Amino acid sequence: FRQLHQWQLWQQEIGSGMELPQSLQEKCRKAFTSASYSESILQNGVVRELKAVGLDLDEEVLLGSGYRVDALVKVGDRGVAIEVDGPSHFIQRRPAGRTILKHRQVARLDSIEVVSVSYWEWD
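Residues numbered from 1 in each chain as written. Predicted model: local features only at pLDDT ≥ 70, side-chain atom pairs only at ≥ 80, totals over all residues. Heavy atoms only, no water.

**Re unusual backbone geometry**
Consideration 1: Phi is positive for Gln92, close to 50°, though the residue is something other than glycine.
Consideration 2: On the secondary structure map, Gln92 appears in the loop between β4 (90–91) and β5 (94–95).
Consideration 3: The phi dihedral of Arg93 is positive, around 60°, even though this residue is not glycine.
Consideration 4: On the accessibility criterion, Arg93 (51% relative accessible area) is exposed. (Helix = DSSP H or I, 4+ residues; strand = E, 2+ residues; numbered from the N terminus. Buried < 20%, exposed > 50% of the residue type's maximum accessible area, 1.4 Å probe, protein only.)

In structure tokens, the structure reads:
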């Protein structure tokens, strides 16, 4: 169901007009948004530093697309998503497909700039 939700988001991105039946869309979105998440030590460190420099942010924000971002920094009247990407988000220091998909869909569907903080840049 989670992948069907991402497929539905993709259809919205490309403007195909194709849609799953409403009841199935709701079931897929529920599965997608109810997936468990956990904060890492790396993520906590990045958020702590962002707060220390005075940035106004919310943590683990659920967006309209159904994606959850690690932090949403308020910049004027818009938000910037901060994604703290550990080793599982990369293959040989290149973003994995699921990471690319998430960043692209958040940027396009939620109209939010995504900034990735990779584990090797932070250490």
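**Focus on the environment of Arg104**
Consideration 1: Position of Arg104 among the secondary structure elements: in helix α4 (residues 97–109).
Consideration 2: Overall, the relative accessible area of 29% leaves Arg104 in the partly exposed class.
Consideration 3: Taking C-alpha positions, Arg104 is 8.3 Å from Val114, a pair spaced ten residues apart along the chain.
Consideration 4: Setting aside its immediate chain neighbours within four residues, Arg104 contacts Trp10 and Glu13. (Contact = heavy atoms within 4.5 Å.)

**A look at the packing of aromatic side chains**
Consideration 1: Taken as a whole and assessed by the stated rule, the structure comprises four aromatic pairs.
Consideration 2: A ring pair is formed by Phe32 and Tyr67, whose centres lie 5.0 Å apart and whose planes are at 85°; its orientation type is edge-to-face. Here Phe32 is found in helix α2 (residues 22–33), whereas its partner Tyr67 is found in the loop between β1 (57–62) and β2 (68–75), with 35 residues between them in sequence.
Consideration 3: The exposure class assigned to Phe32 is buried, which follows from its relative accessible area of 6%.
Consideration 4: Judged by centre distance (5.3 Å) and plane angle (85°), the ring pair of Tyr119 and Trp120 falls under edge-to-face.
Consideration 5: The class for Tyr119 is partly exposed, based on a relative accessible area of 23%.
Consideration 6: An aromatic cluster is defined as three or more aromatic residues linked by ring pairs; in this entry it consists of Phe90, Tyr119 and Trp120. (Phe/Tyr/Trp six-rings, centres within 6.5 Å; stacked < 30°, edge-to-face > 60°.)

**Considerations on the pattern of salt bridges**
Pairs can form between side chains of opposite charge whenever their charged atoms are close.
Consideration 1: Across all of its chains, the model carries seven salt bridges by this definition.
Consideration 2: Across the pair Glu59 and Lys51 runs a salt bridge, and its minimum N-O distance is 3.0 Å.
Consideration 3: The exposure class assigned to Glu59 is partly exposed, which follows from its relative accessible area of 31%.
Consideration 4: On the basis of relative accessibility, which here comes to 43%, the residue Lys51 falls in the partly exposed class.
Consideration 5: Its salt-bridge partner being Glu83, residue Lys102 comes within 2.7 Å of it at the nearest N-O pair. In this pair, Lys102 sits in helix α4 while Glu83 sits in strand β3 (residues 78–85), placing the two residues 19 residues apart along the sequence. Exposure class is identical for Lys102 and Glu83. Each is buried.
Consideration 6: One network of salt bridges, with partners in common, ties together Glu13, Arg104 and Arg108. (Salt bridge = Lys/Arg side-chain N within 4 Å of Asp/Glu carboxyl O.)

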